[in-house]
Each structure stands twice: as structure tokens, then as C-alpha cells.
Amino acid sequence: MTRTPCALLLLLSACGGAVGDWEPVDTLGGLVLFDTDFDGQAARCLLDTGADLTVLRSDLPQTAVQALIGDRDVLVDPLDLGELGDAVLDGIGDPLGGIDCLMGWDSFAGQALTVDYVHHRIRVARSVRRAARIDDDAGWGEPVVLDLDPTSPLPTAAARLQGLPVHAVFDTGAQVALVPPAVVDALDPVPDLQPLLIVTPDGTIEGGLGFLQDVTLGGSTHDDVAFAAYDSVQLQALIDGGVDVDAVIGASSLVRYAVTFDDGDRTLTLQPYRGADLDASLGEYTAFVEAGGLRAATPRATIASPW
């Protein structure tokens, strides 16, 4: 049997241990924003698990570089889009106060990323331990574990929209769910829609805003879930590439849970908030719905992906 030398175990421990420290973040309508640096250059990042690429502003390094999240170094290998990348970051970031980085799912390959909306923090861990995805002492509900599609480049799992089975991308870069019109028409009853402006990587487009009666994720069901209805070029590109995907689950669902995206064992773990934690997380999102976007005279929401 091969044994791991003690010196190597000490080195692994010094690199942050199996479970990293929490990194404070800001949330805006369920979007997750945090500060880090690349080669000593400060950057404001949007966490976007619905993107399988990472984009940095053109004045930041465009080669593989480390970013510190908590006490763990995350290897970021950006796609150099030049001025186009700057334009995308400007378009998505303008309603958010500006961003320098869209950090995609590719940056967390083989690792476990936990997003705790109610405490405004994220954590990166090795995926080899149960603690990487479940916080038993947090007072949250029984975890629901979904299997991620091993053939998808994005975190994709089964869900039900008003009882309709779908495969959905779980996307921290979307303030609301994304349901294409063809899927909306298959719902029973078909939700009413009103006009919605949607900030996307292709600019601001027009779509429809609706509310799903209920969404079921594994054994967990929640109701009154905001969604945008439009034909997404990015979602269609995934479908054309052979990915089995019908919709996107966004912050209108995710803020109800502490969510762990584990690329190592290809699972998505949802720990439901309860009591005061659930009230606080939903309260922050509802404030966005009522004042900042979805109940405004001209509703607006950001869906930064899928890419």
C-alpha cells in the first residue's frame, strides 16, 4: 500500500486544508460579488456558475493566474476576449456598480464551492470530504443532494417546474430563472407574462417576466419563483452542442439554500434555510424584487449566462 509522506500532508494542510475559510461577499438581487486580486491587481468579480469560461478586464493578466478565495488559491485561466470582453463586463456590470471579472465554473474544476447567501460568504474546499458540502452545525435543514450531469460543461441537474420535468443549469449569475417560451407553453397552468428588460452577455434584450407556482429540486419544493421567458442564444448553443438542458435555475430559487457545487464528485447539495435565516435571505431578495427590479415600472433583471 502506498503511504502519503507526512511532509506532503503538512504541505497540503498549509495550503488551506480540506475545507477553506469563508470569503465575505456582497449580494445584489441574488448575484454574488466579491473582491480579489490577480498578480497584485485588485478586481471586483461576479461569481457565475452558469459560465464555463472566465473573463477578466483587458488590463488584468490574460494568462493562468491565482486568485485567493478565503485561504485557498483558485487557478483562473481567463479567455482573452480583448475589447469584446471589456464590453461584456461593462454591459453586465453597469447595473451592479461595475465588475472587472466574470469568474466562471471552469475556475472551480475538481473542487467544492459553497455559496451561503444569508451570511454573505463563499467557500472553496477539496471535494473529498463530507464537510466540503454539508454544514451539520449551521442549523439548516436536511441537505438535498442532486447528481450533476457528467456530460455537461456546466452544473446541470434534474428539476421540476410546476411538475414539468426539466434539466436545468444551476446559475449563480442569473437573478431569475430562465425558461424558454416553448417550455413556458408546456407548463400547466401557463404563467402570465409581463414585459421584462434582461441584461445578458449580448446586451439588454426584451423578454417576459413570470412567476412559477412551484419549483421542485430533489425532495425540496418552493413556490412563487420569478423567471424570465426568452429564447436565449447561449442556452440554444448548449443544446446545439449536445447538452441536455431545458432551463436555468437562478437566484429566485438558490437564495433559499446554502448551495454547494461539487465538481469533484459531480453533486449539487442544497441545505434549506429555516426560520430567521430563510426570512433574512428571502427578505433581501424580496427587497430587490419590490424596489430594485421585478416590481418596478420597467422591470429589469440580469442573466449573465449560460456561456
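Since this is a predicted model, take the numbers as computed values, not measurements.

## A word on helix H2 (residues 83-93)
Step number 1: Taken as a whole, H2 has its buried residues at Gly85, Asp86, Val88, Leu89, Ile92 and Gly93. The buried residues of H2 all sit within an arc of 160 degrees when viewed along its axis, so they share a single face. Of the exposed residues in H2, the ones pointing more than 90 degrees away from its buried face are Glu83 and Leu84.
Step number 2: The inward-facing, buried residues of H2 abut strand E4 (41-48), strand E5 (55-56), strand E8 (101-104), strand E15 (194-200) and strand E21 (300-302).

## Side note on the sheet that holds E4
Step number 1: One open sheet accounts for five strands, arranged E2-E3-E4-E8-E5; its pairing is mixed. Edge positions in the sheet fall to strand E2 (26-28) and E5, since each of these pairs with one other strand and no more.
Step number 2: Two strands pair when backbone bridges link them, and strand E3 (residues 31-38) and E4 are joined in this way by six bridges, in the antiparallel orientation. Residue pairing for E4: Phe34 is matched across the bridge by Cys45.

## Some remarks on helix H4 (residues 233-240)
Because the α-helix completes a turn every 3.6 residues, residues three or four places apart line up on one side.
Step number 1: Along H4, the residues classified as buried are Gln234, Leu235 and Leu238. Looking straight down H4, one finds that the buried residues subtend no more than 100 degrees of arc, so they occupy a single side. Those residues of H4 that are exposed and aimed more than 90 degrees away from the buried face are Val233 and Asp240.
Step number 2: Of the surrounding secondary structure, the elements contacted by the buried residues of H4 are strand E13 (164-170), strand E14 (177-178) and strand E18 (247-249).
Step number 3: The N-cap of H4, judged by a side-chain oxygen 3.3 Å from the amide nitrogen of Gln234 a few residues on, is Ser232.
Step number 4: Gly242 lies just past H4 and shows a positive phi near 95 degrees.

## A word on the environment of Thr260
Step number 1: Locating Thr260 in the fold gives a position in strand E19 (residues 257-262).
Step number 2: Here the alpha-carbon distance between Thr260 and Ala112, two residues 148 residues apart in the chain, equals 6.4 Å.

## Some words on the packing of aromatic side chains
Step number 1: A complete count under the given rule lists two aromatic pairs for this structure.
Step number 2: Ring plane angle 80 degrees and centroid distance 5.6 Å describe the contact between Trp140 and Tyr273, whose orientation is recorded as edge-to-face. You can see Trp140 sitting in the loop between strand E10 (121-126) and strand E11 (144-147) and its partner Tyr273 sitting in the loop between strand E20 (267-272) and helix H6 (275-292), a full 133 residues away along the chain.
Step number 3: Take Trp140: its relative accessible area is 7%, and that puts it in the buried class.
Step number 4: Stacked on the ring of Trp22, the Lys or Arg Arg121 has its end atom at 4.0 Å from the ring centre.

## What to know about the nonpolar core
Step number 1: Counting residues in hydrophobic clusters, the biggest one holds 78 residues, and the most contacted among them are Phe38, Met103, Ile122, Leu161, Phe170 and Leu217.
Step number 2: Top contributing element to this core by residue count: strand E17 (residues 220-229), with five residues.
Step number 3: Apart from the residues lying within four places of it in its own chain, the contact partners of Met103 are Phe34, Phe38, Cys45, Leu46, Leu47, Asp48, Thr54, Ala67, Ile69, Val76 and Phe108.
Step number 4: Listed in part, the 13 residues of the second largest apolar core include Leu46, Ala51, Val55 and Ile99.

## Focus: the pattern of salt bridges
Step number 1: The full count for this structure, using the stated rule, is six salt bridges.
Step number 2: With its nearest N and O atoms 3.3 Å apart, the salt bridge here joins Arg44 to Asp35.
Step number 3: Take Asp35: its relative accessible area is 46%, and that puts it in the partly exposed class.
Step number 4: Two residues, Arg57 and Asp100, come together in a salt bridge whose shortest N-O distance is 3.5 Å. You can see Arg57 sitting in the loop between E5 and strand E6 (65-69) and its partner Asp100 sitting in the loop between H2 and E8, a full 43 residues away along the chain.
Step number 5: Among the charged side chains, a salt-bridge network with shared partners connects Asp26, Asp35 and Arg44.

## Quick look at unusual backbone geometry
Across residues other than glycine, the phi torsion is negative in most instances, and most of the peptide bonds are trans.
Step number 1: Backbone torsion omega between Asp188 and Pro189 reads -5 degrees, so that peptide bond is classified as cis.
Step number 2: Within the secondary structure layout, Pro189 lies in the loop between helix H3 (181-184) and E15.
Step number 3: Located in the positive-phi region is Asp224, a residue other than glycine, with phi close to 55 degrees.
Step number 4: Classification of Asp224 as partly exposed rests on a relative accessible area of 46%.

## Comments concerning the sheet that holds strand E1 (residues 23-24)
Step number 1: One open sheet holds the six strands; their spatial order is E1-E10-E9-E19-E20-E11, and the pairing between them is antiparallel. Both edges of this open sheet fall to E1 and E11, since each of them pairs with a single strand only.
Step number 2: By the bridge criterion, six bridges tie E19 to E20 in an arrangement that is antiparallel. Residue pairing for E20: Val259 is matched across the bridge by Leu270.

Definitions and cut-offs
Residue numbers restart at each chain and count upward from 1, following the sequence in its written direction. For a predicted model such as this one, the threshold for reporting local features is a pLDDT of at least 70, and the threshold for listing and counting side-chain atom pairs is 80 or more; totals across whole chains, interfaces and linings nevertheless cover every residue. Hydrogens are left out, water is left out, and the side-chain values use all remaining heavy atoms of the structure. Buried means the residue's accessible area, taken with a 1.4 Å probe over protein chains only, is under 20% of the maximum for its type, while exposed means over 50%, and partly exposed covers the values in between. A run of H or I in DSSP counts as a helix once it spans at least four residues, and a run of E counts as a strand once it spans at least two, with each numbered from the N terminus. To obtain the arc, one takes the directions from the helix axis to the C-beta atoms. When checking whether two residues touch, look at their non-hydrogen atoms; a contact exists if any pair is within 4.5 Å. Strand pairing is assigned whenever DSSP detects at least two bridges linking the two strands. Polar contact is the term for a pair of N or O atoms within 3.5 Å; when the atoms are in protein, one must be able to donate a hydrogen and the other to accept it, and sequence-neighboring residues count only if both atoms are side-chain atoms. Each aromatic pair joins two rings of Phe, Tyr and Trp (for Trp, the six-membered one) with centres within 6.5 Å, and gets the label stacked for planes under 30 degrees apart, edge-to-face for over 60, and tilted for any other angle. Charges are assigned to positions over rings by a cutoff of 6 Å between ring centre and Lys NZ or Arg CZ, combined with an angular limit of 35 degrees from the ring normal. For this analysis, a nonpolar core means a set of buried residues of the types Ala, Val, Leu, Ile, Met, Phe, Trp, Tyr and Cys, connected via side-chain atoms within 4.5 Å. We define a salt bridge as a side-chain nitrogen of Lys or Arg found within 4 Å of a carboxyl oxygen belonging to Asp or Glu.

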